[in-house]
Amino acid sequence: MLEFYDFITYQLLCRRDRPHFFPANSEYGSLMLSLATFGAGFLTRPIGGIVLGIFSDRVGRRPAMLLSLP
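Residues numbered from 1 in each chain as written. Predicted model: local features only at pLDDT ≥ 70, side-chain atom pairs only at ≥ 80, totals over all residues. Heavy atoms only, no water.

**Quick word on a nonpolar patch on the surface**
Step number 1: A cluster of nonpolar side chains, M1, F4, I8, L12, L13, F42 and L43, forms an exposed patch at the surface whose accessible area comes to about 750 Å².
Step number 2: For the nonpolar patch, the secondary structure elements donating two or more residues are α1 (5-21) and α2 (27-59).
Step number 3: With three residues, the single largest contributor to the nonpolar patch is α1.
Step number 4: Tracing the chain through its elements places F4 in the segment before α1.
Step number 5: Taking the relative accessible area as the measure of exposure, F4 reaches 36% and is therefore partly exposed. (Patch = residues over 30% accessible without salt bridge, like charges linked within 9 Å, V, L, I, M, F, W, Y side chains within 5 Å. Areas by Shrake-Rupley, 256 points an atom, 1.4 Å probe, with all protein chains shown as cover. Salt bridge = Lys/Arg side-chain N within 4 Å of Asp/Glu carboxyl O. Helix = DSSP H or I, 4+ residues; strand = E, 2+ residues; numbered from the N terminus. Buried < 20%, exposed > 50% of the residue type's maximum accessible area, 1.4 Å probe, protein only.)

And the structure:
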């Protein structure tokens, strides 16, 4: 549950904040842009985990942890 906190928060606030972040000519276009952003984050998370997992196996856990910190 804690892992998906950011996705749940984005989903709950998406309806309210959508016009501010994704101004479009139509409500439908704004909705599709916000869902595309949600989908991109949802799909790239496992890819990043695979890449970082391979990196940590080859280089070490400490450098992988330091690389993942913002």
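**A closer look at the packing of aromatic side chains**
Step number 1: Under the counting rule described, the total for this entry stands at two aromatic pairs.
Step number 2: Taking 6.1 Å as the distance between ring centres and 5° as the angle between the ring planes, the aromatic pair formed by Y10 and F38 counts as stacked. Here the residue Y10 occupies a position in helix α1, and F38 occupies one in helix α2, the gap between them amounting to 28 residues.
Step number 3: A residue is classified by how much of its surface remains accessible, and F38, at 25% relative accessible area, is partly exposed.
Step number 4: Summarising the aromatic geometry, the rings of F38 and F42 are spaced 6.2 Å apart at their centres and angled 15° between planes, so their arrangement reads as stacked. Placement of both F38 and F42 in helix α2 is noted, with a separation of four residues, approximately one turn of the helix. (Phe/Tyr/Trp six-rings, centres within 6.5 Å; stacked < 30°, edge-to-face > 60°.)

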